[in-house]
Amino acid sequence: MSGGNTLESGPPAVAPAETLLEADHLTVWFDTPRGQLRAVDGVSFALRRGETLGVVGESGSGKSVMVRAIMNILPGNAVRPPGQSLRLAGRDILSLTPTERKRVLGTEIAMIFQDPMTSLNPVRRIGIQLTESMRHHLDLGKAEATKRAVDLLNLVGIPEPTRRLRQYPHQLSGGMRQRVTIAIALACNPTLLVADEPTTALDVTVQKQILDLLDRLQTELGMSMILITHDLGVVAGRATRTAVMYAGKIVEIAETVELFDNTRHPYSRALLDSIPRVERPSHQKLDAIAGRPPDMVDPPRGCAFAPRCAYAQPRCIEEEPELSGDAGHQWRCHFPVGTPAGEAARRANIAAGVTATGLATSKAVS
Ligand code: SF4
């Protein structure tokens, strides 16, 4: 196994000098009419300087809420229970005053959202939107900020940058708009870039261009990056490490190559099996993950993945798995993929025709 660093309990196993961000027991609940919804449930990780952490999971797994908790942009019904901390370069940003936190989040951490139309103001010119944070946070004059805005548009590959500054978002293509939001995110030289499904709203050719652009910028500017996606194919070859989230928890985390080569969690395995592959026959159906994510207002008692898991055994329904593995590769599973216990569990389910929770193995097992 390769040497990663993340722990869900106790301090992250990384030399302090290398660590940029440390999340310890990050927890977010939402007050809803049906009760408290546990969106993020005790997530801990450490992000090294200059690395990209991919965070992967289906809609509702908690990955976007987790990064919004980092950015302090949660909706009004969010509850953050005590006992959690978030340290950026050694400073606990949860204990900063609102003004201090606004400055840190405006300059040191920047975020790119899924749909550029929701982060760009449709009635303001690109130039204004690009220069206002520089003028506010970096104290630049108008001419200096405009010059930097042109440089940033060049950096993100927008042709005719001076003309673009006078345009409105609707005058640009979707890919161009996302390049503008990336330029805005880079305006104050952040040390951490958070990209929340940055290509979901774009067509597949532009998706690759934007992901390649983020790769290049991250390397050139030496930033750390958290890349949120529902697609494990996106993090392959891009993320240094990958965390897989399910039901508000990290269920597996490792160096990306290690996670792909020695997948341990059945949910990660199912996500990998659902990636389209060119070598498959064109008429073959993709392996969808059977069932639905759990209701996090009323989560199951044992493993939250049990109702959908091809490896599930009676123990899984009763007992929630803790993290196992080592500092380089960790997972939450009683019957991990590729282990004698895991493969015996899977074979037993196939022989019985159902999993421990009654799911038909013909659907659950590929
Ligand atoms: Fe959860 Fe059990 Fe499946 Fe592991 S084998 S993911 S513990 S249900």
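Structure shown above.
Residue numbers run consecutively from 1 along every chain, following the written order of its sequence. Per-residue local features are limited, in this predicted model, to residues with pLDDT of at least 70; the limit for side-chain atom pairs, both in listing and counting, is 80 or more; totals at the level of whole chains, interfaces and linings are taken over all residues. To obtain the side-chain values, all non-hydrogen atoms of the structure were included, while hydrogens and water were left out.

Caption draft 1: Layout of the site of the ligand. Definition of nearness: a residue and a molecule or strand are near each other if at least one heavy atom of the residue lies within 4 Å of the molecule or strand. Taken together, 13 residues form the shell around the ligand, and within it Cys303, Cys309, Cys316, Cys333 and His334 come nearest. When atoms are counted within 2 Å of each cavity's grid points, the one that captures over half of the ligand is the largest cavity. Split into classes, the residues belonging to the shell around the ligand amount to eleven nonpolar, two polar and no charged. Only protein atoms enter the 1 Å grid used here, on which a cavity is any set of points holding a 1.4 Å probe that cannot leave and a pocket is any open set flanked by protein within 12 Å on both sides along at least five of seven lines; residues with an atom within 4 Å of a point are listed as lining. Any molecule with more than half of its atoms within 2 Å of a cavity's or pocket's grid points is counted as sitting in it. Under the scheme applied here, ten amino acids are nonpolar (Ala, Val, Leu, Ile, Met, Phe, Trp, Tyr, Cys and Pro), four are charged (Asp, Glu, Lys and Arg), and all others, including Gly, are polar.

Caption draft 2: Looking closely at the packing of helix H5 (residues 142–155) against helix H7 (residues 174–186). Running from N to C, H5 and H7 cross one another at 130°; their axes reach a closest spacing of 9 Å. When the axes of H5 and H7 are compared, the pair comes out oblique. Read as a crossing pair, H5 and H7 show a hand that is right-handed. Where H5 approaches H7, its residues Arg148, Leu152, Leu153 and Leu155 are matched on the opposing element by Val180, Ala183 and Leu186. In this analysis an axis means a line fitted to C-alpha atoms, helices contributing only their contacting stretch, and an angle means the value between N-to-C directions, from 0 to 180 degrees. Secondary structure elements are taken from DSSP: a helix is a run of H or I of four residues or more, a strand is a run of E of two residues or more, and numbering for both begins at the N terminus. Our angle categories are set so that under 35 degrees counts as roughly parallel, over 145 as roughly antiparallel, 65 to 115 as roughly perpendicular, and the remainder as oblique. In this scheme the crossing of two helices becomes right-handed for a clockwise turn of the near helix relative to the far one and left-handed for an anticlockwise turn of less than a right angle. Note on contacts: a residue pair is in contact if any heavy atoms of the two residues lie within 4.5 Å.

Caption draft 3: Quick peek at the sheet that holds strand S11 (residues 249–255). Strands sit in the order S7-S8-S9-S3-S10-S11-S13-S12 across an open sheet of eight strands; the sheet is mixed. Looking along the sheet, the strands with just one partner apiece sit at the ends: strand S7 (109–112) and strand S12 (323–326). Neighbouring strand axes in the sheet, compared pairwise and without regard to direction, differ in orientation by 20° on average. Only strands that DSSP links by at least two bridges are regarded as paired with each other. One ladder, built from four bridges, connects S7 with strand S8 (residues 192–196); its direction is parallel. Bridged to Ile112 within S8 is Ala195. Here helix H8 (residues 204–221) sits on the sheet and contacts strand S3 (52–56), S7, S8 and strand S9 (224–229); the angle it forms with S9, its principal contact strand, is near 160°. The sheet strands contacting helix H11 (residues 266–273) are S3, strand S10 (241–246) and S11, and the helix crosses S10 at an angle near 105°.

Caption draft 4: Examining the environment of Asp231 more closely. Take Asp231: it is sitting in the loop between S9 and helix H9 (232–235). Only protein chains enter the calculation, and the probe is 1.4 Å; a residue is then buried if its accessible area is under 20% of its type maximum, exposed if over 50%, and partly exposed in between. Asp231 sits in the partly exposed class, given a relative accessible area of 29%. Taking the C-alpha atoms as reference points, Asp231 and Leu271, separated by 40 residues in sequence, lie 7.7 Å from one another.

Caption draft 5: Structural view of the pattern of salt bridges. For this analysis, a salt bridge means a side-chain nitrogen from Lys or Arg found within 4 Å of a carboxyl oxygen belonging to Asp or Glu. Applying the stated criterion across every chain yields a total of 22 salt bridges. Between Lys249 and Asp41 there is a salt bridge, with its nearest N and O atoms 3.0 Å apart. Here Asp41 lies in strand S2 (residues 35–48) and Lys249 lies in strand S11, a separation of 208 residues in the sequence. Of the residues examined, Asp41 reaches a relative accessible area of 18% and is grouped as buried. As a salt-bridge pair, Glu319 and Arg315 come within 3.2 Å of each other at their nearest N and O atoms. Of the residues examined, Glu319 reaches a relative accessible area of 36% and is grouped as partly exposed.

Caption draft 6: Seen up close, the layout of surface pockets. Taken as a whole, the largest pocket encloses approximately 710 Å³ of empty space. Around the largest pocket, the lining is made up of 25 residues, and of these Leu105, Gly106, Met111, Ser133 and Ile184 lie nearest the centre. For the lining of the largest pocket, the secondary-structure elements that each account for two or more residues are helix H2 (98–107), S7, helix H4 (126–137) and H7. If you tally residues by element for the lining of the largest pocket, the top one is H4, at five residues. Looking at side-chain class alone, the lining of the largest pocket contains 13 nonpolar, nine polar and three charged residues. Grid points are joined across faces, edges and corners, and a volume is the space filled by probe spheres set on the points.

Caption draft 7: Geometry of the packing of aromatic side chains. Side-chain rings of Phe, Tyr and Trp, where Trp is taken by its six-membered ring, are said to pair if the distance between their centres is within 6.5 Å; with planes under 30 degrees apart they count as stacked, over 60 as edge-to-face, and otherwise as tilted. Counted under the stated rule, the structure contains three aromatic pairs. Ring geometry for Tyr267 against Phe305: centres 5.2 Å apart, planes inclined by 65°, an arrangement best described as edge-to-face. Of the two residues, Tyr267 sits in helix H11 while Phe305 sits in the loop between H11 and helix H12 (314–318), which places them 38 residues apart along the sequence. Of the aromatic side chains, those joined through ring pairs into one cluster are Tyr246, Tyr267 and Phe305. Two limits define a charge over a ring: the Lys NZ or Arg CZ must be within 6 Å of the ring centre, and within 35 degrees of the ring normal. We note Arg264 situated over the ring of Trp331; from NZ or CZ to the ring centre the distance is 5.8 Å.

None of this, on its own, says anything about what the molecule does.
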